[in-house]
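Geometric and topological summary
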Amino acid sequence: LNILKKKLEHQEIVNERVIRNSMKKTVSSINRRYFIIMAISFFMIPYGYWAFVQLSGFSVAFWIGTSILMLICLGATFYNSKDLRDPGFLRNNLVDVRKKAARAKKFDSDWLFFGIPMSILWLGWFAWEVFKKGGSDEMMPFLIGGGFGGAIGLIIGLSIHYKTQRNYQEIIDQIE
C-alpha cells in the first residue's frame, strides 16, 4: 500500500508538471498575441496622424478620437494580460490559475461589447470625414479602401479573438 501511495504521489507530480508545461506554451502564445496588439495600438497613434491628417487631410479631431480609441485598446489589453505576464502565474495554485484564466477569458469576451460598437462608430466617423472632404472622385477610393480595411480588420480581429478564447478554454480544461 505504501509503494502504491508513493507511485500515485509521483504520478500526480508528473501530471502537474506536464499540465504546467502545456499551459506555459498556451500562455506564451496569448502573451505574444497581446504584445503585438499593444504594439500596433501604440504605433497607430503617430501613424494615424501621418495617414489621416497629413496624407488624407482629415480633421485633427478624427486623429485625436482615433488615438484615444487606440489608447483605450492598449490599456484594456495591458490590463487583461497583467496576470498572464506575472512570472509566478503558472507556479500558483492551479485553482487560482484557473480563476485568473477564466476572468481573463470573460474580460476578453466582454470586450466585444465595447469594441464592436466603437469600431462601427469609428467607421461612421471615417465615412463622415471622407464626405466632408468632398468630390465624388476623391471619395470613392477612400470609401472602398475603408470598406476593405474594415472587412479585413473584422476577419483578423474575430479570428484573433476566437483563437484567444480557445487558448483560455484550453488552460481551463487542462486544469479541470
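Refer to the preceding data block for the structure.
Residues numbered from 1 in each chain as written. Predicted model: local features only at pLDDT ≥ 70, side-chain atom pairs only at ≥ 80, totals over all residues. Heavy atoms only, no water.

For the protein, the count of helices and strands is 4 helices and 0 strands. Ordering the α and β elements of the protein from the N terminus gives α-α-α-α. Computed over its C-alpha atoms, the radius of gyration of the protein comes to 22 Å, more than 25% above the 16 Å expected for a compact globule of 176 residues. Expressed as lengths along the three principal axes of its C-alpha atoms, the size of the protein is roughly 85 × 25 × 20 Å. Across the 176 residues in the protein, those meeting the buried criterion constitute 30%. The long-range fraction of contacts in the protein, counting pairs at least 24 apart against all pairs at least 6 apart in sequence, stands at 79%. Counting only carbon and sulfur atoms, one obtains 68% of the accessible surface of the protein, whose full area is about 11,500 Å². (Helix = DSSP H or I, 4+ residues; strand = E, 2+ residues; numbered from the N terminus. Rg over C-alpha atoms; globule rule 2.2 N^0.38 Å. Buried < 20%, exposed > 50% of the residue type's maximum accessible area, 1.4 Å probe, protein only. Contact = heavy atoms within 4.5 Å. Areas by Shrake-Rupley, 256 points an atom, 1.4 Å probe, with all protein chains shown as cover.)

Bringing helix H3 (residues 94-133) into the picture now. For H3, spanning 40 residues, the distance from its first C-alpha to its last is 56 Å, which sits close to the expected 58 Å at 1.5 Å a residue. When the local axis directions of H3 are compared, the greatest deviation, roughly 30 degrees, occurs at Phe 113, which is followed within four positions by the proline Pro 117. Regarding H3, the residues found buried are Leu 94, Val 97, Ala 101, Ala 104, Asp 108, Gly 115, Phe 126, Glu 129 and Val 130. Of the residues one or two after H3, Gly 134 is the one with positive phi, at around 85 degrees. (Expected span 1.5 Å × (residues − 1). Bend = angle between axes of the 7 residues up to and from the residue.)

Inspection of the secondary structure assignment puts Lys 133 in helix H3. Not counting the four nearest positions on each side in its chain, Lys 133 is found in contact with Ser 56, Phe 58, Glu 138 and Phe 142.

Further remarks concern the nonpolar core. Counting 15 residues, the largest nonpolar core has Met 23, Leu 84 and Ile 171 as its most contacted members. Secondary structure elements with two or more residues in this core: helix H1 (2-55), H3 and helix H4 (136-175). Aside from chain neighbours lying at most four places away, what touches Met 23 is Leu 90, Leu 94, Val 97, Ile 171, Gln 174 and Ile 175. (Core = buried A, V, L, I, M, F, W, Y, C linked by side-chain atoms within 4.5 Å.)

A surface patch of nonpolar side chains, about 400 Å² in accessible area, is lined by Tyr 49, Val 60, Ile 64, Ile 68 and Ile 72. Per-element accounting of the nonpolar patch gives the leading share, 4 residues, to helix H2 (residues 60-85). Within the element layout of this structure, Ile 64 appears in helix H2. The exposure class assigned to Ile 64 is partly exposed, which follows from its relative accessible area of 41%. (Patch = residues over 30% accessible without salt bridge, like charges linked within 9 Å, V, L, I, M, F, W, Y side chains within 5 Å. Salt bridge = Lys/Arg side-chain N within 4 Å of Asp/Glu carboxyl O.)

Attention shifts here to the packing of H2 against H3. Two numbers describe a pair of packed helices, the interaxial angle and the distance between the axes. Two elements in contact, H2 and H3, have axes whose closest approach is 10 Å; the angle formed by their N-to-C orientations is 170 degrees. In terms of their interaxial angle, H2 and H3 are classed as roughly antiparallel. Contacts between H2 and H3 pair Ala 61, Phe 62, Gly 65, Thr 66, Leu 69, Ile 72, Cys 73, Ala 76, Tyr 79, Asn 80 and Asp 83 from the former with Lys 100, Arg 103, Ala 104, Phe 107, Asp 108, Trp 111, Phe 114, Met 118, Trp 122, Trp 125, Phe 126 and Glu 129 from the latter. (Axes fitted to C-alpha atoms, helices over the stretch in contact; angles between N-to-C directions. Parallel < 35°, antiparallel > 145°, perpendicular 65-115°, else oblique.)

In this section: the pattern of salt bridges. All told, the structure shown has 4 salt bridges when counted by the stated rule. Of the charged contacts, one joins Asp 110 and Lys 106 as a salt bridge, the two residues approaching to 2.7 Å between their closest N and O atoms. Of the two residues, Asp 110 and Lys 106 are both situated in helix H3; the distance of 4 residues between them amounts to about one turn of the helix. According to the relative accessible area criterion, Asp 110 is partly exposed, its value standing at 33%.

What follows covers the environment of His 161. Here His 161 is to be found in helix H4. The exposure class assigned to His 161 is buried, which follows from its relative accessible area of 8%. Considering only alpha carbons, one finds His 161 and Leu 112, 49 residues apart in sequence, at a separation of 8.9 Å. Discounting chain neighbours no more than four positions away, the residues touching His 161 are Asp 108, Ser 109 and Leu 112. A distance of 3.3 Å separates polar atoms of two side chains, one belonging to His 161 and the other to Asp 108. (Polar contact = N/O pair within 3.5 Å; in protein donor to acceptor, adjacent residues only side chain to side chain.)

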